[in-house]
Amino acid sequence: MQRKRISTVLAVLMAISMVITACTPKPVVTEPVKITIFVGFGAGSDPDSQEALNTIAGEFNASHTDLQVEFMYSTWEEHTTKFSTLLAGDLVPDLAFPIGIQGIAEFYDEWIDVSPYILRDSYDTTDFYGPSLQLLNFNEKTIGLPLGVYPSVTFFNEDLFDAASVAYPPQQYGDSSWTLQKMVEIGQQLTLDENGNNAASSSFDPTKIAQWGWGGWCGPFRTVPGKFGGNPLGMSSDFKVAEMDSGGYLEGMQFLYDSIFNWHIRPSSIDEGSTFTGMDFTFESGKVAMFECFSWASYAFPNFTTGGNWNVASVPAGPYGDVVSPVNADTFAIPAHSTHPDQAWEVAKWMMEPDMQNRLCSIFGCIPSRKSLAGGWIDSMAAEYPNVDFQVFIDSIDYMDASPNNESWVPAYSKVWDATENAMSRILSGESSDVRQVMTDLQTEVQGYLDEYWAAHP
Amino acid sequence: MIPSKRINEGIVRILSTILLSIGMLIVVTPLVWMLVSALKPRDAVNTFPPQWIPTDQVKVAINGKEYFLYDIAVNGEQRQLALLEKNGAIGIFVNPQNPEESYNLSVASGKRVTQIKLHWENFVLAVTKVPFGRYILNTLLVVVFGTIGTVASCTLVAYGFARFRSKAMPILFLLLLSTIMLPPQVTLIPTFIVFKKIGWYDTLLPLIIPAFFANAWDVFLLRQFFMTLPTELDDAARIDGCGPFGILWHIIIPQSYPVIATVTIFTVIYAWNDFYAPLIYLQNQEHWTLALGLQSFNAVYTNLGNLLMAASTLMVIPPILMFFFAQKLFIQGVVISGIKG
Amino acid sequence: MKLFPKSISMRKRESLWGYLFISPWIIGFLLFTIGPMIASLVFSFADYDIISPPTNFGLSNYIKLFTNDPDFWHSLGITATYALLAIPLNLVFGFALAYLLNQKVPGLAFWRTIFYIPSVLAGVAVAILWGLIFNPKYGILNWFLGLFGIHGPGWLSSPDWAVPALILMSLWSVGGGMIIYLAGLQSIPTTFYEAAQLDGANGWQQFFRITIPLMSPVILYNLIIGIIGTFQYFTEVYVLTSGLTGGPGGPAKSTLFYNVYLYSNAFRYMNMGYASALAWVLFVIVLLLTLLVFRSSAAWVYYEGELQNK
C-alpha cells in the first residue's frame, strides 16, 4: 500500500511539473550567427598562422554570444579556384581576410562598398596612414580598412659593401644624390667576376660572375614604370587605350634589360634559376649586394641573415626625380553575396582594434597601418634584428604608390597581368634583346584585351 | 648450355646492372636531397652553392642573447670571437668565454663559423604543427574505403566488358573512356554543385562514394587483363554449373592477382596523395586529409622549406612500405594455365 | 545460378548479364558524371564568369578559338610536341625497365621499390626536387652530361629547353607504367617459354613471338592512357612553372600547355565558357586519336580470351 501511494504522488508531481513547463513562456533562443572568414588570398595559410588564427577565433567566440567566427583556409595557388567554386555553389564566405589589392582586383565586382558602414558608425580613420586609406578608395566604392602595409625598401648586404669599400646607400629620404644612376654605379663596383674584377673594369668577364651588385625589383613589372615617370597600369585613365610601348613602361623594361646585359649588375632569370636554387630571393645567397623588395619579405629575414650582415636603405629616385616605394597592402573585403554583411562588418571592426591589428600583423608580417602602432612595430623588429634600421620602412610609407597602385584593377585583369609578366620574362631570360619589339608586342596584345572587354561592356 | 650463350647472359646481366644503377642514381638523388633538406635549419635550406650536408652557422649565447661566432685574425692569431655589435665596417668582437675581452675589427676580414648539425627535431615539428592524428584518421578513411570501393566496382565492371557480348558494349566502352577525355577543370563546378546539393560539402563522402561506381582507368586496365585469360577455363566451369558470379570468383580473379594488386596499389597511392579533391570539398580542418595538410607547409610568405621536406619524407614512407611488401602478389612465378597441352 | 528465365535467348541472357555487371559504372555515370559533362557543354556556348549565370548563348567561343586565338594553336602545338615525344619514350622505357626487373636480378623487390618511389611522391615535393636535377649549374643532369664533355643547357629556366626537361621528368615517374608491364610480364605462363625453348627458339625470337604479342593488350592500355593523359598534362607543369618568371606558361610562354591555358581561362581570367569550349575541342581531338588507335589495334593486339563482338 505504501509503495502504491508513493508512486501515485510521484506521478501527480510529474504531471504538475509537465503542465507548468508547458505553460511557462519559453525564452527565445536564437542561434548565434556564424561568420566564415576565407583565408587564402595572401598570407595566413601556413600551419603556424592557422594555429594563431584559430586561437583568435576561439577568443572571439568566447567573448561573443550572438556572433561566432570560423576561419577557412585555402592554399594561395588554388585560391581563385576555391573561392569561385564557393561562389558558384552558393556557399559564399562572409569575409575575405587578409586580402590584398590584387585579390580585390581578381573578384572586383564581388566586394561591397563599406563606406556606408564607416559613415554610420562614425568610424575614426585618423589613425590610419593617409596613403593606405587612399589605396582602398576605388572609383565608386571603398573596400575595407587598411590592416597592414608592405612598403618597399632597398635591402643591402653590408659585408659585400665593406669588402669592396663602397659607402652604404643612404637611409634617409631626401638625399638627392641617391638615384638609380648612382645605384647602377655602385652596383657595378659590387659586381665581381671570379677573378675579383668589378663590372666597371676593362678586364671584367661577364661569363664568370661570382657576385652581383643588384638583385632587381622583387615585385611584378607593374612596380617599375612609376619610377620612370610612368603609370603603373600602362593605360589611359579611362582604361581604353594601352600605353605600354612608350614612356615609363618602355624605359623601365629597357633599364631591366641593360642591368643584365649591358651593365651586368643583375643576374638573368636563367642565372637565377641555375645559381640560386630554390631561393625566394637571390639576396639570401649573400652573393647579391642590393635589391628592392616589400616588407613582407620579412619571412625570409632569417635567410638574409644567413647570407651576411644586412641593412635597409631608402628607395632611389628615378631619372625624372620620381621616388616610388611600391606597396602591397592587406585589408578585409565583404562579398556581395554574403548573407550577413552587417555582422561581417562587426567582426572586421573587432579585428581592426589596435591590439588585435598588432597581433594579426605579427602573424602575417605586415606593418600595422595605424600610425600609433609604428613605434611598437619598430621595437619588435629591432629586437630580432638589432643591426637593421626599421625606421626606413616607416619613412617609405610616404612614398608609396597609392593611386593607382601597382596591383590596382584594370579590365581583363589577369590576362593583362599575365601578358605583362610574360613580356618581362622574355627580357629577363634573354629570349629577346629587342626591348622595343617586346613592348610593341605587349601593347598590341593588351590593346586587344581592352578592346575585347569594352566590346562586351559598352 | 653452350658457352657463348652463358657469356651472352653474363653480358646482359652486367649491362642490366649498370643501366639499373645509373637509373637508380637519377631516381635516388632527389630523394636524398629531400632527406638532407629535411634536416637543415630553417634559415639555410637553400644556399649558394647548394649544401648536401646540413650546416648551421654557429651562434653563442652571451647574457641571454645570441651572437654569431666568427673565425677572425687578431694580432696575427686566428681566434673564434662573437660579433657583439656592428658599426659600419667595424665590429665589436668579444671572447665568448670572457665577454670583457673585446676587439674592434673589420667584419669583412672574418668568416662565420659553421658546424654540421642534423636537425632531427624537424620531423617532430612537422608532425606536431598540424593536427596530424586527425589528418591520418581522415586519410585512412578515404584510402581504405575508397580502395575497397574501387577494386570491387572496377572488377565487376571490367568483367562485364571483357566477358559479355552485346550490341551496345563497344559503344558503352567508348563512353566509359570518353569520361576521362574531358579536362576535369570544366566539370569541377557543376560536380561541386551536385555534391553540395546532396549535402555532402565539408564531408569525406565526395572522396569515397564515387569510388564505388568504378573509374575508366582501372576498368580499362582490368578489362585488358581479363581478355588475356583463355576462355576454356570459363567454359569448363560453366559446364560444371558455375554461374557468371562463380566464374568471376573462382576462375577470373584467382588468375588476376598481379593486376588486381596493381589497381589496389595505384588507388591507395592516389587517394593518399590527392589534395585537390579535399581542397575543394572540405572546409573545416577537422575533416582535412594528410595531403591537404602537407600543402599548408608550402604556403606563400613562409619559410618552412625544411619542414615541408620533413613532412614529405614522412608521407612517402607508408606507401613505399606498402608497395615493398605487396610485391609478394607480383611474384607469382609459374602461372597456372592449366588447360593447354 | 539462373537469374534470368529460360525463355530469353542465350544471346540476350549474355548481354543482360553484361549490363548487370557494368551497372555500377552506369549508375555512377548517370548520377555524377553526365550532368556536369552536359553542363560544361552548355557553358561552352556561353559567357560564364562563374559568379553570375551564363549569358550570351552562341558560337562566339568556338569562332574565337579557331580564328582569333594564337595561344590556342601555340598551346596545342606545345602539347602535341610533348605527347609525340613523351608517349613513345615512356612506352619504351617503362617496358624496358619492367623487362629488366623481371629477370633474376638480386634484390628485385628493392629495385622495383626504388624505381617506383618517384610515382609515390606528392606533387609539391616533386617540384622542389626537380629544381635540383635540372639545375644548370649544380644539377645532376648537367653534371652527368659534363662527364662526357657536354655543357648542359638551362633546362626549366630556358624557353628552349623547358619542354625537353618536362619530357625527361615524365620518365622519372616511369615506375608507374613499369608496374603495369610487370604485372603483364608476370602473367605470361612460363610454359610458353619452355615450349618455345624446346622448339629451338632463341632469346630474341621468344621476345618478339611470345612476349610482345602477349603484352600487346597492356601496351595498348598504356598507349591509350598515355594519349589521354599527355594531352591533359597539367599538374606537374603547373606546380613547376607557376613560380617561375612569366607566371603560368613559364618563361616566354614556353610551357603554356593546353590544359594550363585552359585552367588560366577557367580560374584566372574567369572565362569558364571559353575554357569549356577549349575542353570540348580537346575532347574531340583525343576521342579521334583514341578511335584511330583502337581501329589499328585489330592488327597488332592479341587477346587470348577475346570474344568476337558483333
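Predicted model only: the values in this text are computed from it and were never measured.

Right, let's get into the overall build of chain B. Tallying secondary structure elements over chain B gives 13 helices and eight strands in all. Here the C-alpha radius of gyration of chain B, 30 Å, is well above what a compact globule of 341 residues would show, namely 20 Å. With the principal axes as the frame, chain B shows a C-alpha extent of 100 × 75 × 30 Å. Among the 341 residues that make up chain B, the fraction classed as buried is 54%. Considering only contacts in chain B between residues 6 or more positions apart, those separated by 24 or more positions represent 64%. When the accessible surface of chain B is summed, it comes to about 15400 Å², and 66% of that surface belongs to carbon and sulfur atoms. Of the charged side chains in chain B, 23 are positive and 18 negative, and the gap between their average positions amounts to 9 Å.

Along its length, chain C carries 13 helices and zero strands. Each helix and strand of chain C, ordered N terminal to C terminal, gives the series α-α-α-α-α-α-α-α-α-α-α-α-α. By residue count, 56% of the 310 residues in chain C fall in the buried class. Working note: accessible area of chain C is about 13300 Å², and carbon and sulfur atoms make up 68% of it. In chain C, which carries 14 positive and 11 negative side-chain charges, the distance between the mean positions of the two groups comes to 10 Å.

What follows is about the interface of chain B and chain C. Listed by partner, the interface residues are 104 residues for chain B and 97 residues for chain C. Buried surface at the junction of chain B and chain C, both sides included, amounts to about 9300 Å², of which 79% is carbon and sulfur. Three residues, Leu 20, Arg 165 and Met 181 of chain B, lead the burial of chain B against chain C; their summed loss comes to 8% of the area buried on that side. Counting across the chain B and chain C interface gives one salt bridge.

The final tally for this structure, using the stated rule, is 106 aromatic pairs over all chains. The lysine or arginine in question, Lys 141 of chain A, covers the ring of Tyr 108 of chain A, its NZ or CZ lying 4.6 Å from the ring centre. Taking NZ or CZ as reference, Arg 223 of chain B lies 4.2 Å from the ring centre of Phe 173 of chain B, over its face.

Glancing now at the interface of chain B and chain A. Chain B puts 45 residues into the contact, and the matching count from chain A is 51 residues. Summed over both sides, the interface between chain B and chain A buries roughly 4000 Å², with carbon and sulfur atoms accounting for 59% of that surface. Of all residues in chain B, Phe 48, Lys 86 and Tyr 301 of chain B bury the most surface against chain A, accounting for 19% of the area lost on that side. Between chain B and chain A we count three salt bridges in total. One salt bridge in this structure joins Asp 162 of chain A and Lys 86 of chain B, with 3.3 Å as the shortest N-O distance. Counting every contact that joins chain B to chain A gives 17 residue pairs in polar contact (both at pLDDT 80 or more). Looking at the side of chain B that touches chain A, the elements that each hand over two or more residues are strand S3 (65-74), strand S4 (77-87), helix H5 (188-198) and helix H11 (276-281) of chain B.

Turning to a nonpolar patch on the surface, a few remarks are in order. A cluster of nonpolar side chains, namely Ile 14, Ile 18, Ile 22, Leu 25 and Ile 26 of chain B together with Trp 143, Leu 147, Phe 148 and Ile 150 of chain C, defines an oily patch on the protein surface of about 910 Å² accessible area. Secondary-structure elements contributing two or more residues to the nonpolar patch are helix H1 (3-38) of chain B together with helix H6 (140-147) of chain C. Looking at the nonpolar patch, the element that brings in the most residues is H1 of chain B, giving five residues. The residue Ile 26 of chain B is located in helix H1 in this model. For Ile 26 of chain B, a relative accessible area of 35% translates into the label partly exposed.

Within the largest apolar cluster, 338 residues are counted, with the highest numbers of intra-cluster contacts made by Trp 111, Phe 155, Phe 281 and Phe 304 of chain A, Phe 161 of chain B together with Met 272 of chain C. The biggest single contributor to this core is helix H10 (residues 203-231) of chain C, with 14 residues. Beyond its immediate chain neighbours, meaning those up to four positions away, Phe 155 of chain A contacts Phe 283, Ala 289, Met 290, Phe 291, Cys 293, Phe 294, Phe 301, Phe 304, Trp 310, Asn 311, Val 312 and Phe 393 of chain A. Counting nine residues, the second largest nonpolar core, distinct from the first, contains Phe 68, Ile 72, Val 74 and Leu 81 of chain B.

A few words on the sheet that holds strand S5 (residues 152-157) of chain A. Adjacent strands of a sheet form backbone hydrogen bonds with each other and so pair up, either parallel or antiparallel. With mixed pairing, the five strands of this open sheet are ordered in space as S6-S7-S8-S5-S9 (chain A). A strand with exactly one partner marks an edge of an open sheet, and here the two such strands are strand S6 (192-193) and strand S9 (310-313) of chain A.

The subject of this paragraph is the pairing of strand S5 (residues 90-94) of chain B. Side chains on a regular strand alternate between the two faces of the sheet. All names here are of chain B. Summarising the sheet, S4 and S5 pair through five bridges and their orientation is antiparallel. Within S5, the residue paired with Ala 82 across the bridge is Val 94. Counted along the chain from S4 to the antiparallel partner S5, the turn is two residues long, and its residue Gly 88 has a positive phi close to 65 degrees. Where S5 meets strand S6 (residues 102-106), five bridges bridge the pair, whose relative direction is antiparallel. Bridging from a neighbouring strand, Ile 90 pairs with Ser 106 of S6.

This part is about the domain arrangement of chain B. If you check the domain split of chain B, you get domain 1 (4-38), domain 2 (55-116) and domain 3 (123-331). Of note, the centres of domain 1 of chain B and domain 2 of chain B, computed from C-alpha atoms alone, are 47 Å apart.

Assignment of secondary structure puts Lys 253 of chain C in the loop between helix H11 (235-241) and helix H12 (258-268). Within the structure, Lys 253 of chain C has its side chain in polar contact with the side chain of Asp 71 of chain C (distance 3.3 Å).

Residue and element names in this part refer to chain A. Ordered by their spatial adjacency, six strands build an open sheet running S2-S1-S3-S10-S4-S11, and the pairing between neighbours is mixed. Of all the strands in the sheet, the pair left with one neighbour each is strand S2 (67-73) and strand S11 (367-368). When strand S4 (residues 148-150) meets S11, the two strands line up antiparallel, connected through two bridges. Residue pairing across strands places Gly 148 opposite Pro 368, the latter belonging to S11. Seen against the sheet, helix H3 (residues 79-88) touches strand S1 (33-39) and S2 and runs at an angle of roughly 150 degrees to S1.

This next bit is on the pattern of salt bridges. With the rule as written, the count across this model stands at 25 salt bridges over all chains. Ionic pairing is found between Asp 48 of chain A and Lys 129 of chain B, a salt bridge with its closest N-O pair at 2.7 Å. With Asp 48 of chain A in helix H2 (residues 47-63) and Lys 129 of chain B in the loop between helix H2 (121-128) and helix H3 (132-163), this pair bridges two chains. Given a relative accessible area of 32%, Asp 48 of chain A falls into the partly exposed group. Lys 129 of chain B sits in the partly exposed class, given a relative accessible area of 21%. Glu 445 of chain A is paired through a salt bridge with Lys 253 of chain C; the nearest N and O atoms lie 3.4 Å apart. In this pair, Glu 445 of chain A sits in helix H17 (residues 435-456) while Lys 253 of chain C sits in the loop between H11 and H12, so the two residues belong to two different chains. According to the relative accessible area criterion, Glu 445 of chain A is partly exposed, its value standing at 24%. Here the salt bridges do not stand alone but share partners, grouping Arg 120, Asp 121, Glu 346 and Lys 349 of chain A into one network.

Turning our eyes to something else, we now look at the environment of Ile 363 of chain A. Residue and element names in this part refer to chain A. In this fold, Ile 363 is placed in helix H13 (residues 354-364). Exposure remark for Ile 363: the relative accessible area of 21% places this residue in the partly exposed category. Measuring from C-alpha to C-alpha, the distance between Ile 363 and Asp 330 comes to 12 Å, with 33 residues separating the pair along the chain. Look past the residues within four positions of Ile 363 in its chain and what remains in contact with it is Ser 49, Ala 52, Leu 53 and Ile 56.

Angle between the axes and distance between the axes are the two parameters that describe a pair of packed helices. One way to put it is that helix H7 (residues 216-226) of chain B packs onto H10 of chain C with a least axis distance of 9 Å and a crossing angle of 160 degrees. Between H7 of chain B and H10 of chain C, the angle falls in the class roughly antiparallel. The two elements H7 of chain B and H10 of chain C cross, and the hand of that crossing is right-handed. For the pair H7 of chain B and H10 of chain C, contact is made by Trp 217, Phe 220, Leu 221, Gln 224 and Phe 225 of chain B and by Pro 217, Val 218, Leu 220, Tyr 221, Ile 224 and Ile 225 of chain C, respectively. Across the contact of H7 of chain B with H10 of chain C, the residue classes break down as 10 nonpolar, one polar and no charged.

What counts and how
- Residues numbered from 1 in each chain as written.
- Chains lettered and ligands numbered in written order.
- Predicted model: local features only at pLDDT ≥ 70, side-chain atom pairs only at ≥ 80, totals over all residues.
- Heavy atoms only, no water.
- Helix = DSSP H or I, 4+ residues; strand = E, 2+ residues; numbered from the N terminus.
- Rg over C-alpha atoms; globule rule 2.2 N^0.38 Å.
- Buried < 20%, exposed > 50% of the residue type's maximum accessible area, 1.4 Å probe, protein only.
- Contact = heavy atoms within 4.5 Å.
- Areas by Shrake-Rupley, 256 points an atom, 1.4 Å probe, with all protein chains shown as cover.
- Lys, Arg positive; Asp, Glu negative; His and termini not counted.
- Charge placed at Lys NZ, Arg CZ, Asp CG, Glu CD.
- Buried area = accessible area lost by both parts, 1.4 Å probe.
- Salt bridge = Lys/Arg side-chain N within 4 Å of Asp/Glu carboxyl O.
- Phe/Tyr/Trp six-rings, centres within 6.5 Å; stacked < 30°, edge-to-face > 60°.
- Lys NZ or Arg CZ within 6 Å of the ring centre and 35° of its normal.
- Polar contact = N/O pair within 3.5 Å; in protein donor to acceptor, adjacent residues only side chain to side chain.
- Patch = residues over 30% accessible without salt bridge, like charges linked within 9 Å, V, L, I, M, F, W, Y side chains within 5 Å.
- Core = buried A, V, L, I, M, F, W, Y, C linked by side-chain atoms within 4.5 Å.
- Pairing = 2+ DSSP bridges.
- Domains from an automatic or database assignment.
- Axes fitted to C-alpha atoms, helices over the stretch in contact; angles between N-to-C directions.
- Parallel < 35°, antiparallel > 145°, perpendicular 65-115°, else oblique.
- Left-handed = near helix turned anticlockwise from the far one by under 90°.
- Nonpolar A, V, L, I, M, F, W, Y, C, P; charged D, E, K, R; others polar.

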